[in-house]
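# Inside the fold
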Amino acid sequence: METVSKVEQNFRLTRTHLCGTLVEANVNQEVVLAGWVDTRRDLGGIVFLELRDHKGQIQLVADPDKNPDVHRIFQQVRAEYVIAVKGIVSVRPDGSENTSLKSGAIEIYPSEVEILNESKVLPFPLDKVEEVNEDLRLRYRYLELRQEHKRKHLENRHKVVHAVRNYLSDEGFLEIETPILSKSTPEGARDYLVPSRVHPNNFYALPQSPQIYKQLLMMSGVNRYYQIARCFRDEDLRADRQPEFTQVDIEMSFINQEHVITVTEGLIKKAFAAVGVEVEIPFPRIEYDDAINRFGSDAPDLRFGMELIDFTEFMSKSEFQAFAGVANSGGLVKAINYKGGAKLSRKDFDDLKDFVTTKEMGAKGLAWIAFKDIGEGKFEISSPIAKFFTEEQMQELQAKAEIEPGDALLFVADKAKIVHYVLAKLRIFLAKKDGLIDPKDRKLVWVVNFPMFEYDERSNRYKANHHPFTLPHNQDVDKLETDPAAVKTYAYDIVFNGIELGGGSIRVHNKKVQEKIFKALNIDDETAQERFGFLLEALELGAPPHGGIALGLDRFIMLLSNTDSIRDVIAFPKNQSAFCQLTSAPSSVDQEQLDELYLSLVEPE
RNA sequence: GGAGGCGUAGCUCAGUUGGUUAGAGCACCUGUCUGUCACGCAGGGGGUCGAGGGUUCAAGUCCCUUCGUCUCCGCCA
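A brief report on the enclosed structure follows. What you are looking at is a predicted structure, and each value in this text was computed from that prediction instead of being measured.

Quick notes on the rules
- Residues numbered from 1 in each chain as written.
- Chains lettered and ligands numbered in written order.
- Predicted model: local features only at pLDDT ≥ 70, side-chain atom pairs only at ≥ 80, totals over all residues.
- Heavy atoms only, no water.
- Near = heavy atom within 4 Å.
- Polar contact = N/O pair within 3.5 Å; in protein donor to acceptor, adjacent residues only side chain to side chain.
- Helix = DSSP H or I, 4+ residues; strand = E, 2+ residues; numbered from the N terminus.
- Expected span 1.5 Å × (residues − 1).
- Buried < 20%, exposed > 50% of the residue type's maximum accessible area, 1.4 Å probe, protein only.
- Contact = heavy atoms within 4.5 Å.
- Pairing = 2+ DSSP bridges.
- Phe/Tyr/Trp six-rings, centres within 6.5 Å; stacked < 30°, edge-to-face > 60°.
- Lys NZ or Arg CZ within 6 Å of the ring centre and 35° of its normal.
- Lys, Arg positive; Asp, Glu negative; His and termini not counted.
- Salt bridge = Lys/Arg side-chain N within 4 Å of Asp/Glu carboxyl O.
- Axes fitted to C-alpha atoms, helices over the stretch in contact; angles between N-to-C directions.
- Parallel < 35°, antiparallel > 145°, perpendicular 65-115°, else oblique.
- Left-handed = near helix turned anticlockwise from the far one by under 90°.

Near RNA strand B, the surroundings consist of 51 residues, among which Ser96, Tyr109, Pro123, Asn465 and Asn575 are the closest. Near-protein atoms of RNA strand B (within 4 Å) split between backbone and bases, with sugar and phosphate holding 51%. A distance of 2.6 Å separates a phosphate oxygen of RNA strand B from a polar backbone atom of Asn133. Glu235 has a polar side-chain atom sitting 2.5 Å from a sugar or linking oxygen of RNA strand B. Listed by contribution, the elements that provide at least two residues to the surface near RNA strand B are β1 (30–42), β2 (47–53), β5 (106–117) and α2 (134–139).

Spelled out as structure tokens, the structure:
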């Protein structure tokens, strides 16, 4: 074997230009290009070959009469071969331009060609990658990413992160990394655990978020912190959920809610601008209670109307026993005015009823009143329940719902939670069905004044809505003991087109308040000490007022990129069962590794 | 943990009421073709019908089990 005695690169031709950037101005220049063979068109004599790099394509031509050596190589190369060529950029002959290609007016007759690598036939065609099974695409994610429009998402992501870093740095934030090997916290999501070799039978947990660390940084006097933070949660996945995901994590000292909101609005504006989208700030705000009452959701989609109308009181006095009963026993009766819904057939209404009464939706029924347009601004009522109402009541009902000819009212009566859940889903379903949503519309809104607790019916206790370190409104602190459900907080979510982009809060920096919250949550001193002792201790050692926010970066990019899967904006995502098709992780390990960690395995049942 | 969809050639899919040798398009290979650009034309190779079991004279098709994958619920900020 020959030894290489001097430093030399393992290929001959070093590129001078990029395929996608060559234009007519480059004509007559000698260039060296390198990339992948995109397509090859062999006409018997002349051979055309499209060379592709990360910037685009350009046509290469080999003519057997002009350069038989190059022609011979062109006959031999196949799709996805990696080659380098040297040649002079020339104008294509009249009539042979390709207007659908950026470089369609020019081409290159290479004088030299170097095959840098061969390629087997790919497992799927790159030009129709959208149609290929996702598991196969993930297994060959690097091939899928050879498509420019697939890489575009990653480029968007880079641009947004770059803009975020610049903006926050300019605003005086320090980017600080926090531990990935962290402590398990039983609250919230399931932890990913990492066994310790040095501490037998003890485990680290991967952080669900850097929440506690960032608060401790405020107590360190950092003043303003941010991190593009990887977070881990061992829960079942969805199209918009991965086991590991990224948050833009922010925390600030000596601030109130307004400061956080202002900084975040500036950040979002810059992030949008980075991908060429203008948004106006400040964003509107809606109180949590209003969001629930008007839209049935704490993440309202404001791109269309169809707000919920409360008929609880109205129905409590009506003869319609089914609704009066619900209304008089603490439930709610609400409706949406479905514009144009009066033209629905009975079958259509039945279908809507089926939609809301599935097991997962949970409604018991769907009542409707159709106001059929009969011209001249008049309507005719058609409804299975109209007979229960007097003439006056019908008038009142129409006025309340601002009925116009052609409208239909859709009612749901049940416990508040179900009514809101069902009507929120129905509202979005109808808006999508009827195309009421302008896909280019972008509606950002702050949802503020979240309640401190949510009552968990299964475990029969209060749970922290946001997390237990959220600061209650001053005037509500006493209610922590007397009326926990009424306690409102300085917690806020930013919602984009009906999807929660992020959320945060002002934190408790006073130990007495913190203890009251733990008490309301039924967490005793001992448990609190065990889980958050280091934080409680820090609260007593000069903790400044502080607060922050975390924005889900992956979802943000997903929405900006107009895709509906989070996997599209992650370079190497995992599938729905948290399995990596590319590397086959997770996988079994050697007995030796287990022994070192004092682990033994149990077969699943 | 639960519900639903899908699984047939390298890729995307068709395959009727269970019935002869399982097909198409693209891709691939060979030949042909000197201005194509999804080049064209002619020919060819390629199948564990996801896996296992069952019913039947006969199963891609019916039944059971199981695996993979996607969407959703539960779960998860």
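Picking up after the structure, the text goes on.
Attention now moves to helix α12 (residues 416–433). In a regular helix each residue adds 1.5 Å, so 18 residues correspond to 26 Å; α12 covers 25 Å between its end C-alpha atoms and thus fits that length. Buried within α12 are the following residues: Val419, His420, Val422, Leu423, Ala424, Leu426, Arg427, Leu430 and Ala431. On its buried face, α12 sits against α7 (288–295), β12 (308–310), β13 (332–338), α10 (346–356) and β16 (408–414).

On to the pairing of strand β18 (residues 453–456). One ladder, built from 4 bridges, connects β18 with strand β19 (residues 461–464); its direction is antiparallel. In the sheet register, Glu454 faces β19, and the bridge partner there is Lys463. What sits between β18 and β19 in their antiparallel hairpin is a turn of 4 residues, with Asn460 showing a positive phi close to 60°.

Glancing now at the packing of aromatic side chains. Both the distance between ring centres and the angle between the ring planes are used here to describe each pair of aromatic rings. Counted according to the given criterion, the structure contains 20 aromatic pairs. For the ring pair Phe272 and Phe556, a centre distance of 5.4 Å and an interplane angle of 85° mean the geometry is edge-to-face. Residue Phe272 is found in helix α6 (residues 257–274), and its partner Phe556 is found in helix α16 (residues 553–560); the two are separated by 284 residues along the sequence. You'll find Phe272 and Phe556 in the same group, each marked buried. Seen from their ring centres, Phe371 and Phe379 are 5.2 Å apart, and the 80° between their planes marks the pair as edge-to-face. What links up through ring pairs into an aromatic cluster is the set Phe311, Phe314, Phe320, Phe323, Phe388, Phe389 and Phe411. Of note, Lys66 hangs over the ring of Tyr109, and the distance from its end group to the ring centre comes to 4.4 Å. Over the ring of Phe311 we find Lys400; its NZ or CZ atom is 5.9 Å from the centre of that ring.

With that out of the way, let us pick up unusual backbone geometry. At the junction of Ile281 and Pro282, the peptide bond is cis and its omega measures out at 0° in the coordinates. Considering the arrangement of structural elements, one finds Pro282 in the loop between α6 and β11 (285–287). For the peptide bond that leads from Ala585 to Pro586, omega is 0°, which places it in the cis range. If you trace the backbone, Pro586 turns up in the loop between α16 and α17 (591–596). You will see that Asn562, though not glycine, has its phi angle at about 55°, which is positive. With respect to the helices and strands, Asn562 occurs in the loop between α16 and α17. A positive phi angle is found at Tyr598, which is not glycine, with a value near 60°.

Here we come to the side chain of Glu107. Within the secondary structure layout, Glu107 lies in strand β5. With no salt bridge to any partner, buried Glu107 finds its closest opposite charge in Arg92, at an N-O distance of 4.0 Å. Side-chain polar atoms of Glu107 contact the side chain of Gln59, separated by 3.1 Å. Beyond its immediate stretch of four places on either side in the chain, Glu107 contacts Gln59, Val61, Ile88, Val89, Ser90, Val91, Arg92 and Pro93.

Here we take up the packing of helix α4 (residues 148–170) against α16. Contact pair α4 / α16: the axes reach a minimum separation of 10 Å and the direction vectors enclose 120°. Classified by the interaxial angle, the pair formed by α4 and α16 is oblique. Relative to α16, α4 is oriented so that their crossing is right-handed. On the side of α4, the interface is formed by His153, Asn156, Arg157, Val160 and Val161, while α16 contributes Leu553, Asp554, Phe556, Ile557 and Leu560.

This part takes up the sheet that holds strand β22 (residues 546–552). As summarised here, the arrangement of the 8 strands in space is β6-β9-β10-β22-β21-β20-β17-β11, forming an open sheet in which the pairing is mixed. The open sheet is flanked by β6 (174–175) and β11, the only strands paired with a single partner. Bridge analysis of strand β9 (residues 224–232) against strand β10 (residues 244–253) gives 9 bridges, and the strand direction is antiparallel. Across the sheet, Arg230 pairs through a bridge with Thr246, a residue of β10.

All right, on to the environment of Asp590 then. Its location among the elements puts Asp590 in the loop between α16 and α17. The spacing of Asp590 and Lys511 is 79 residues in sequence and 47 Å in space, taken between C-alpha atoms.

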